[in-house]
Amino acid sequence: MSGPNTNYDPVEVTPLTAESVQAMVDAALASFAAAETLADLKSARIAHAGDRSPLALANREIGALPPAARKDAGARVGKARGEIQQALAAREAEVGAAELERALVEERVDVTVPVDVAPIGAVHPITALMDVLGDVFVSMGWEIAEGPEAEAAWLNFDALNIGPDHPARGTTDTLFVGDVENNIVLRTHTSPVQARSMLDRPLPIYVVCPGKVYRADEFDATHVPVFHQIEGLVVDKGISMAHLVGTLQHLAKVMFGDIEIRIRPNYFPFTEPSAELDLECFVCHGASVNDPANPCRTCSSEGWIEWGGCGVVNPRVLTACGIDAEVYSGFAFGMGVERSLMFRNNAADMRDMVEGDVRFSRSLVGGAR
Ligand code: PHE
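Rules used in this analysis
Residues numbered from 1 in each chain as written. Predicted model: local features only at pLDDT ≥ 70, side-chain atom pairs only at ≥ 80, totals over all residues. Heavy atoms only, no water. Salt bridge = Lys/Arg side-chain N within 4 Å of Asp/Glu carboxyl O. Helix = DSSP H or I, 4+ residues; strand = E, 2+ residues; numbered from the N terminus. Buried < 20%, exposed > 50% of the residue type's maximum accessible area, 1.4 Å probe, protein only. Phe/Tyr/Trp six-rings, centres within 6.5 Å; stacked < 30°, edge-to-face > 60°. Near = heavy atom within 4 Å. Polar contact = N/O pair within 3.5 Å; in protein donor to acceptor, adjacent residues only side chain to side chain. Areas by Shrake-Rupley, 256 points an atom, 1.4 Å probe, with all protein chains shown as cover. Nonpolar A, V, L, I, M, F, W, Y, C, P; charged D, E, K, R; others polar. Pairing = 2+ DSSP bridges. Expected span 1.5 Å × (residues − 1). Arc of directions from axis to C-beta. Contact = heavy atoms within 4.5 Å. Domains from an automatic or database assignment. Axes fitted to C-alpha atoms, helices over the stretch in contact; angles between N-to-C directions. Parallel < 35°, antiparallel > 145°, perpendicular 65-115°, else oblique. Left-handed = near helix turned anticlockwise from the far one by under 90°.

Trainee: Sorry if this is basic, but what is going on with the pattern of salt bridges here?
Mentor: A side chain with one charge may pair with a side chain of the opposite charge, provided their charged atoms come close. Enumeration according to the criterion identifies 12 salt bridges in this entry. With a closest N to O distance of 3.1 Å, R169 and D158 form a salt bridge. Placement of the pair is R169 in the loop between helix 6 (153-156) and strand 3 (184-186) and D158 in the loop between helix 6 and strand 3, with a sequence separation of 11 residues. Residue classification places R169 among the buried residues on the basis of a relative accessible area of 16%.

Trainee: Sorry if this is basic, but what is going on with the packing of aromatic side chains here?
Mentor: How two aromatic rings sit relative to each other is set out by the distance from centre to centre and by the angle between their planes. Taken as a whole and judged by the stated rule, the model has 10 aromatic pairs. With a centroid separation of 5.2 Å and an interplanar angle of 75°, the aromatic rings of F256 and W307 are classed as edge-to-face. Placement of F256 in helix 8 (residues 241-256) and of W307 in strand 8 (residues 304-313) is noted, with a sequence separation of 51 residues between them. The class of F256 is buried, set by a relative accessible area of 17%. Between F256 and F343 the ring centres are 6.5 Å apart and the planes differ by 55°, which places this aromatic pair in the tilted class. Taken together, the residues span a long stretch of sequence, with F256 in helix 8 and F343 in helix 10 (residues 337-345) at a distance of 87 residues.

Trainee: Just checking my understanding: could you explain the site of the ligand for this structure?
Mentor: Taken together, 14 residues are adjacent to the ligand, and H189, S191, R215, Q229 and E231 come closest. At 3.1 Å, a side-chain N or O of H189 approaches a nitrogen atom of the ligand. One nitrogen or oxygen atom from the side chain of S191 is found 2.9 Å from a nitrogen atom belonging to the ligand. In the complex, the protein chains occlude 89% of the 320 Å² of accessible area that the ligand would expose alone. When contributions to the shell around the ligand are tallied by element, the ones reaching two or more residues are strand 5 (226-236), strand 8 and strand 9 (329-336). For the shell around the ligand, the leading source of residues is strand 9, giving three residues. Of the residues assigned to the shell around the ligand, the class counts are five nonpolar, seven polar and two charged.

Trainee: Would you take a moment to explain the pairing of strand 5 for this structure?
Mentor: Put simply, side chains in a regular strand alternate between the two faces of the sheet. Summarising burial for strand 5: 10 of the 11 residues are buried, a large majority. By the bridge criterion, 10 bridges tie strand 4 (residues 205-214) to strand 5 in an arrangement that is antiparallel. Across the sheet, residue I205 finds its bridge partner in strand 5, namely V235. Of the pairings in the sheet, the one linking strand 5 to strand 9 comprises eight bridges and is antiparallel in character. Note on strand 9: the bridge partner recorded for L233 is A332.

Trainee: Is there a simple way to explain helix 1 (residues 18-34) in this structure?
Mentor: An α-helical turn contains 3.6 residues, so a residue and the one three or four places further along point in the same direction. A rise of 1.5 Å per residue sets the reference length of helix 1, with its 17 residues, at 24 Å; its end C-alpha atoms lie 24 Å apart and thus fit the reference within 8%. Listed as buried for helix 1 are S20, V21, M24, V25, A28 and F32. Taken end-on, helix 1 shows its buried residues confined to a sector of 145°, consistent with a single buried face. Facing away from the buried side of helix 1, by more than 90 degrees, are the exposed residues E19 and A34. Elements in contact with the buried residues of helix 1: helix 2 (38-49), helix 3 (54-61) and helix 4 (67-106).

Trainee: Where do I start with the domain arrangement of the protein in this structure?
Mentor: Many descriptions give the size of an interface as the accessible area lost when the pieces come together. The domain boundaries assigned to the protein delineate domain 1 (10-106) and domain 2 (125-368). A separation of 91 Å is found between the C-alpha centroids of domain 1 and domain 2.

Trainee: Please explain the packing of helix 5 (residues 125-138) against helix 8 as it appears in this structure.
Mentor: Between two packed helices, both the angle of their axes relative to each other and the distance between the axes serve to describe the pair. Their axes nearest at 10 Å, the elements helix 5 and helix 8 cross at an angle of 135°. The angle between helix 5 and helix 8 places the two elements in the oblique class. For the crossing formed where helix 5 meets helix 8, the hand is right-handed. For the pair formed by helix 5 and helix 8, the contact residues are L129, V132, L133, V136 and F137 on the first element and T247, H250, L251, V254 and M255 on the second. For the contact of helix 5 with helix 8, the class distribution of residues is eight nonpolar, two polar and no charged.

Below, the structure written as structure tokens:
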């Protein structure tokens, strides 16, 4: 602050003249008007209304004026401050509202835009289909039975009347766990669960066993060394082939709609009589058989495609599992789940089922469910 100015001459205290005060106000207002953001406005406030602004500095000069002049100058500066404060508050309100408006527009979230949700995988179509298959039987009051994948050779073979010399026991077909002498195999079919069910469960028995099986097989479009089967077993009094056929007809209907099945004689050591289970070709429905001009690739113009095996449980198997074959009889059937998926969903290549591409799973799960 300057010392007292006894010779008051407004010209010497230039900052306090009406013109210069007005110039300060004009500069402040222009600078507030030019501020586009609250940050600009903050700088403008510091420059024009802060402690070191020209007006604040001019204000300090008031004390140096002779008393007569102080009132005028004080009124001028006070009015100017008021104007500046008002303009500042008004501009702050404007810029603040504009900034909010801009943020609302720029940061707007369109909740209707489809988002790419984090991929969460998909139920594998084989799992989904095994659930469907299991449900067909559970809804008829059957139970789901399970067994280990590393299985005693006795249960996988001997208990099912597959003797020590049967070719299926060779290392070319069967995967052994450790030394062959250990007699532990990766089960080659779900039929050991038949044996386990007969050994463990009270009679009568109505079970299905969906599960993984292993064979020393090729890996190509129609073979995979690890695949899935679903096995069914009934042991009760008075069970015959007719019950088997009726059950399979029901299963085929639920799985494939209005489609015929056929059984034709075959051999399995654990069933007698045994049969191969065929499905009417779901592509040509048999039309290609007598129409050489329109061959069917799906059934090789046979009209039928192989689905699984079945038969009346061999009494020797019942006996091996401690069941009185004079009183009880039963039927069993088993089919490949991969094959069923191929038929049901037109999945042409089994390799897609093991490669784990979620796009394949997603594309089929809806259909398999
Ligand atoms: N286990 C047989 C197979 O793997 C299928 C089958 C099951 C056949 C039950 C008859 C009875 O080929």
